[in-house]
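One letter stands for each residue in the lines below.
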Amino acid sequence: MNSLFLPTSFLLPSPTWQFTPCLQIQPQNLCRRGFHHYHGHSHLSRSLSFLLKSHHSLRAHKSSIGATIPPNEGAVSLINFEDFVEKDWSFLDSDNLISREELDRIISAGEIEETSKVLVSVGSEGFVDRLVDSSPCHLLLVVHDSLFLLAGIKEKYDKVKCWQGELMYLPEKWAPLDVVFLYFLPALPFKLDQVFGALAKRCLPGARVVISHPQGREVLKQQQQQYPDVIISDLPEKMTLQKSAADHSFDLAEFVDEPGFYLAVLKFSEASN
């Protein structure tokens, strides 16, 4: 049965909800975007299987903002997957066109250590696979708009934390962070200044923020034409990036803008009061 059981109050405006294990949903996001098949997405059935058949029950709880809902409180509604529409993130499935060397180049820019707390925003499943394989760390948190992508990651890596929603609304309970990968910045529906402002509240002094596109501007332009509702901005130019970053105590440590590869590395210094 392609269904998900949730409290009826889930459909009303409320604080962020948390699904165990470590899958969080903003109700307004789910009601607006919800679930949709990826076009040609290979792990769709696997993700559905995880969501529906996992031994972990999907019981909704309020986040730390409020009190936990008693298990016997309120009615339960049946919500069908077919009733929801999710954005098409299939362009992230082009990992077969991306070499391991390019992924390793991005990951190495983060200078991850075993004690690091690492966040990946709008990452592909292939990028997370490579990150898990190559760079052990204390905490790996994946933030994405897509429940299906997060379900696929969570099925493979139970220790990876997954949070569904926008980067700007990420709870600070996982802060402070040592490394942040903005793997696909042009898909974030926020201005660059807003992104740096949010990260400045969640990063340790010395933290590294890595902005990347493993295929560069040329491929990004093609992707913008194919997915205009998802890819809503461009990769920042060097001067624009420097100015916006400096306003929030980030210094540009490395910048590569080649036709087939984009990488910007920023280092956070504690903001002055």
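Numbering of residues starts from 1 in every chain and runs along the sequence as written. Note on the predicted model: pLDDT of at least 70 is required for a residue's local features to be given, and 80 or more for side-chain atom pairs to be given and counted; whole-chain, interface and lining totals, by contrast, use all residues. Only hydrogens and water are set aside when side-chain values are computed; all heavy atoms of the structure are taken into account.

Moving on, we get to the nonpolar core. Ranked by size, the top nonpolar core spans 66 residues in total, and within it Phe127, Leu131, Phe181, Leu182, Leu199 and Ile211 carry the most contacts. Among the elements that make up this core, the one with the highest residue count is strand E12 (residues 261-268) (7 residues). Any pair of residues with heavy atoms lying within 4.5 Å of one another is described as a contacting pair. Those residues in contact with phenylalanine 181, other than ones at most four positions away along the chain, are Ile106, Ile107, Gly110, Ile112, Val118, Leu119, Val120, Ser121, Phe127, Leu131 and Val210. To qualify as a nonpolar core, a set must consist of buried Ala, Val, Leu, Ile, Met, Phe, Trp, Tyr and Cys residues joined through side-chain atoms within 4.5 Å. Throughout, exposure labels follow a simple rule: accessible area from a 1.4 Å probe, protein chains only, divided by the maximum for the residue type, with under 20% read as buried, over 50% as exposed, and the rest as partly exposed. Helix and strand assignments come from DSSP, with helices taken as H or I runs of at least 4 residues and strands as E runs of at least 2, each series counted from the N terminus.

Another aspect to go through is the packing of aromatic side chains. Two rings from Phe, Tyr or Trp (for Trp, the six-membered ring) form a pair when their centres are within 6.5 Å of each other. A pair whose planes differ by under 30 degrees is stacked, one over 60 is edge-to-face, and the rest are tilted. For the structure on display, the rule yields 9 aromatic pairs. Measuring from centroid to centroid gives 5.1 Å for phenylalanine 91 and tyrosine 227, while their planes differ by 50°, and the two rings are tilted. With a gap of 136 residues between them, phenylalanine 91 in the loop between strand E5 (76-80) and helix H3 (100-108) and tyrosine 227 in the loop between helix H7 (216-226) and helix H8 (238-246) connect regions that are remote in the sequence. On the basis of relative accessibility, which here comes to 15%, the residue tyrosine 227 falls in the buried class. By way of ring pairs, the aromatic residues Trp89, Phe91, Phe184 and Tyr227 are connected into one cluster.

This next bit is on the pattern of salt bridges. Salt bridges, as used here, are contacts in which a Lys or Arg side-chain nitrogen is within 4 Å of a carboxyl oxygen on Asp or Glu. A complete count under the given rule lists 9 salt bridges for this structure. One salt bridge connects arginine 217 with aspartate 257, and the closest N-O pair in it is separated by 2.9 Å. Here arginine 217, found in helix H7, pairs with aspartate 257, found in strand E11 (residues 250-258); they are 40 residues apart in sequence, far enough to count as distant. Among the residues examined, arginine 217 registers a relative accessible area of 13% and is labelled buried. Taken together, the salt bridges that share partners define one network made up of Arg217, Asp234, Glu237 and Asp257.

A few words on the pairing of strand E8 (residues 161-164). Sheet topology note: the strand E7 (residues 139-144)/E8 ladder contains 4 bridges and is parallel. Paired with leucine 141 across the strands is lysine 161, a residue of E8. A crossover gets the label right-handed when its path from the first strand over the helix to the second runs clockwise, viewed with the strands pointing away from the viewer. You can see the chain leave E7, run along helix H5 (residues 147-156) and come back into E8, and the turn it takes is right-handed. A pair of strands is labelled paired if DSSP reports no fewer than 2 bridges between them.

Let's shift gears to the environment of phenylalanine 190. With respect to the helices, strands and loops of the structure, phenylalanine 190 is situated in the loop between strand E9 (177-182) and helix H6 (192-200). In sequence terms phenylalanine 190 and glutamate 166 are 24 residues apart; their C-alpha atoms lie 9.4 Å from each other.

The subject of this paragraph is the packing of H6 against H8. Note on definitions: angles span 0 to 180 degrees between N-to-C directions of axes, and those axes are lines fitted to C-alpha atoms, for helices only across the stretch in contact. For the pair H6 and H8, the least separation of the axes is 9 Å and the interaxial angle reads 40°. Taken as axis vectors, H6 and H8 run oblique relative to one another. Crossing handedness for the pair H6 and H8: right-handed. On the side of H6, the interface is formed by Leu192, Asp193 and Phe196, while H8 contributes Thr240, Leu241, Ser244 and Ala245. Should an angle lie under 35 degrees it is considered roughly parallel, over 145 roughly antiparallel, and from 65 to 115 roughly perpendicular; all remaining angles are considered oblique. The sense of a crossing depends on the near helix, which, turned anticlockwise from the far helix by less than a right angle, makes the crossing left-handed and, turned clockwise, makes it right-handed.

What follows covers the pairing of E7. Counting buried positions along E7 yields 6 of 6 residues, so the element is predominantly enclosed. The alternating pattern of E7 places Leu139, Leu141 and Val143 and Leu140, Val142 and His144 on opposite faces, both of which are buried. Handedness of the crossover joining strand E6 (residues 117-121) and E7 through helix H4 (residues 125-134): right-handed.

A few words on H8. Looking at H8, one finds that the buried residues are Leu241, Ser244 and Ala245. In a view along the axis of H8, the buried residues occupy a sector of 100°, so they form one face of it. Opposite its buried face, H8 presents the exposed residues Met239 and Lys243, each directed more than 90 degrees away. Of the surrounding elements, those touching the buried residues of H8 are H6, strand E10 (203-213), E11 and E12. By definition, the arc is the one covered by directions from the helix axis to the C-beta atoms.

A separate point is unusual backbone geometry. Here the bond from alanine 175 into proline 176 is cis, since omega is 0°, no more than 30 degrees from zero. Here proline 176 shows up in the loop between E8 and E9. The backbone of glutamate 111 sits at a positive phi, close to 50°, despite the residue not being glycine. Tracing the backbone shows glutamate 111 in the loop between H3 and E6. For serine 249, which is not a glycine, the phi torsion comes out positive at approximately 70°. Take serine 249: it is sitting in the loop between H8 and E11.

Within a predicted model, pLDDT stands for the predictor's per-residue confidence, ranging from 0 to 100. Averaged over every residue, the pLDDT of the protein chain is 76; the share at 70 or more is 67%. Long-range and interchain partners of residues 1-77, a stretch whose pLDDT sits below 50, account for 166 contacts in this model, where long-range means more than four residues apart.

Glancing now at the environment of alanine 253. Note on placement: alanine 253 falls in strand E11. Along the chain, alanine 253 and alanine 109 lie 144 residues apart, while their C-alpha atoms are 9.9 Å from each other. Beyond its immediate stretch of four places on either side in the chain, alanine 253 contacts Val265 and Leu266.

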